[in-house]
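Residues per chain, in single letters:
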Amino acid sequence: MRFSTLIWHNLLRRRLRSALTSVGVGVAIMAVAALLAISRGFEESMAGAYESRGIDLVVVRAGVAERLTSSLDQRLADRLRKLPFVEDVVLELRDQASLGDSALVGTPLLGWEVNSQLYESLTFTSGRPLKKSDRHAVLLGEALAERLGKQVGDTVELLLQEFRVVGIFTSRNRFENLTAVVQLQELQELMDRPGQVTSFQLKLRDSAHKSLDVEAVRAAIESLTDRQGRKLGLLAQPTRQFVTSTLQIRIAHAMAWVTSAIALVIGAIGILNTMIMSVLERTREIGVLRAIGWRKSRVVRMILAEAEVLSLSAALLGSVAARLLTRFLANVGPTRGLIEGRFDPDVIARGFLVALLLGLLGALYPALRAARLAPTEALRNQ
């Protein structure tokens, strides 16, 4: 009997236990792959939204822990427009408020200028963008509109004032699908933040040395001073760097890794339990193999190979399940419009790598235990 055939034979002797172990580890791999795919989808959708608008730099208040707490004088936009290489400066105000009597407390609110290029990343499923003549008008992200049960023409209560829904949109930035957009000046008045914005988004002129231009503008912005010569305390970040540093993305990644770690521990314990049971049941068999000349290293390789076969089958099962789960969540229930059903190849590769590590860690102790069995003692085992 060949070595590979022996491995398959050992696994198939306990079909139910092998199947349950693969399913258990597969669930862990599914959790890892799905959560990584979801958090990666959030990051890519947010970065894609900025890139589709041509944004190269995002300017916020330095030292703030979260973007909503950034507060900048919107008149700084004029100074930023005068910097070399700057083509356009886009203003944005972000805040939170509850909408009417709904349970959506802390709904993100966006304040944009009417002619802002921020609208370029929006696709209107119904209605239209904001007009300069609009008063108390609001745009709703598709996911938010669905949760509120609102359509174009309906009204929503925002800080005790009635706003008419003039458009419903979807955005490449999945977080924006749960936001409401009003005119910048109206949001400043509502939130008692006159003349303030949370960020400036800069678009630079195209050039053959764009990366150098971005760095030069970044340094110039962070060195800006007031009339007394004190630095304004601005932080300018390239789009990708800004996205990865946002609170939402950091929370999404942290939750993905913490939950994945728990699932992996459970998966490793499952493999450890299965392989220990297998070694204990086959003590006499292992003794025979050692008696006919098998080296300890060959016994270790056999146990590890059995565990890796279980892990790889679990990785295949978990990857397929994770792909189906993300697609399901992207189209059903409260997560529709928030989760992207995209499943990148590197996520699958990570799932298989994690499965291999699980198999190795879970089977290492049982393999060493099997190798230490003395042939004479093992043969006496009944």
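Whatever comes next refers back to the structure up there.
Residues numbered from 1 in each chain as written. Predicted model: local features only at pLDDT ≥ 70, side-chain atom pairs only at ≥ 80, totals over all residues. Heavy atoms only, no water.

Q: Can you break down the overall build of the protein residue by residue, with the values?
A: Of the regular secondary structure elements, the protein holds 12 helices and 12 strands. The C-alpha radius of gyration computed for the protein amounts to 29 Å, which surpasses the reference 21 Å derived for 382 residues by more than 25%, pointing to a less compact arrangement than a globule. For the protein, the spread of C-alpha atoms along the principal axes amounts to about 90 × 50 × 30 Å. Of the roughly 18800 Å² of accessible surface on the protein, a fraction of 59% belongs to carbon and sulfur atoms. Averaging the coordinates of the 48 positive side-chain charges in the protein and doing the same for the 37 negative ones gives two points 12 Å apart. (Helix = DSSP H or I, 4+ residues; strand = E, 2+ residues; numbered from the N terminus. Rg over C-alpha atoms; globule rule 2.2 N^0.38 Å. Areas by Shrake-Rupley, 256 points an atom, 1.4 Å probe, with all protein chains shown as cover. Lys, Arg positive; Asp, Glu negative; His and termini not counted. Charge placed at Lys NZ, Arg CZ, Asp CG, Glu CD.)

Q: So what's going on with the nonpolar core? Which residues, and what values?
A: Leu-140, Phe-200, Leu-202 and Ile-221 are the most contacted members of the largest nonpolar core, which totals 43 residues. The element best represented in this core is strand β3 (residues 86-97), accounting for 5 residues. Sequence-distant contacts of Leu-202, that is, excluding residues within four places in its chain, are made with Gly-54, Ile-55, Asp-56, Leu-57, Val-59, Leu-80, Val-86, Asp-88, Val-89, Val-217 and Ile-221. Within the second largest apolar cluster, 28 residues are counted, among which are Val-279, Leu-310, Leu-358 and Ala-371. (Core = buried A, V, L, I, M, F, W, Y, C linked by side-chain atoms within 4.5 Å. Buried < 20%, exposed > 50% of the residue type's maximum accessible area, 1.4 Å probe, protein only. Contact = heavy atoms within 4.5 Å.)

Q: Could you give me a rundown of the pairing of strand β1 (residues 57-61), with the residues and numbers involved?
A: Buried residues dominate β1, accounting for 4 of its 5 residues. Examined bridge by bridge, β1 and strand β11 (residues 199-204) share 3 bridges and lie antiparallel to one another. Each residue of the ladder has a partner; that of Val-58, found in β11, is Gln-201. Pairing analysis gives 5 bridges linking β1 to strand β12 (residues 234-238), with the strands arranged antiparallel. Its bridge partner lying in β12, Val-58 is registered against Gln-237. (Pairing = 2+ DSSP bridges.)

Q: Tell me about the packing of aromatic side chains, and name the residues and values.
A: In total, this model carries 2 aromatic pairs according to the counting rule given. With 5.2 Å between their ring centres and 85° between their planes, Trp-112 and Tyr-119 make a pair best called edge-to-face. The residues Trp-112 and Tyr-119 share a single accessibility class, namely buried. Measuring from ring centre to ring centre gives 6.4 Å for Phe-124 and Phe-169, while their planes differ by 65°; the resulting arrangement is edge-to-face. Taken as a pair, Phe-124 in strand β5 (residues 122-127) and Phe-169 in strand β8 (residues 161-171) lie far apart in primary sequence, 45 residues in all. Among the residues examined, Phe-124 registers a relative accessible area of 24% and is labelled partly exposed. Judged by its relative accessible area of 0%, Phe-169 is buried. Above the face of the Trp-294 ring, Arg-298 is positioned so that its terminal group lies 4.6 Å from the ring centre. (Phe/Tyr/Trp six-rings, centres within 6.5 Å; stacked < 30°, edge-to-face > 60°. Lys NZ or Arg CZ within 6 Å of the ring centre and 35° of its normal.)

Q: So what's going on with unusual backbone geometry? Residues and values would help.
A: Of all residues except glycine, most have a negative phi; of all peptide bonds, most are trans. Phi at Leu-159 is positive, roughly 50°, even though this residue is not glycine. Along the chain, Leu-159 falls in the loop between β7 (155-158) and β8. Located in the positive-phi region is Leu-160, a residue other than glycine, with phi close to 65°. Within the element layout of this structure, Leu-160 appears in the loop between β7 and β8. For Leu-160, a relative accessible area of 78% puts it in the exposed group.

Q: So what's going on with the pattern of salt bridges? Residues and values would help.
A: Under the counting rule described, the total for this entry stands at 12 salt bridges. A salt bridge links Arg-218 to Glu-215; the shortest N-O distance between them is 2.5 Å. Here Arg-218 pairs with Glu-215, and both are found in helix α6 (residues 210-222), just 3 residues apart, close to one helical turn. On the accessibility criterion, Arg-218 (21% relative accessible area) is partly exposed. (Salt bridge = Lys/Arg side-chain N within 4 Å of Asp/Glu carboxyl O.)

Q: Lay out the packing of helix α2 (residues 15-52) against helix α8 (residues 247-281) with the relevant residues and their values.
A: Following both chains from N to C, one finds α2 and α8 inclined at 165°, their axes separated by 9 Å at the closest point. Taken together, α2 and α8 sit at an angle that is classed as roughly antiparallel. Seen from above, α2 lies across α8 with left-handed handedness. (Axes fitted to C-alpha atoms, helices over the stretch in contact; angles between N-to-C directions. Parallel < 35°, antiparallel > 145°, perpendicular 65-115°, else oblique. Left-handed = near helix turned anticlockwise from the far one by under 90°.)

Q: How would you explain the side chain of Thr-239 if you had to name every residue and give the values?
A: For Thr-239, the location among the structural elements is in helix α7 (residues 239-245). With relative accessibility at 6%, the residue Thr-239 sits in the buried group. If we skip the residues at most four places from it in the chain, Thr-239 touches Ala-47, Tyr-50, Ile-55, Asp-56 and Leu-57.

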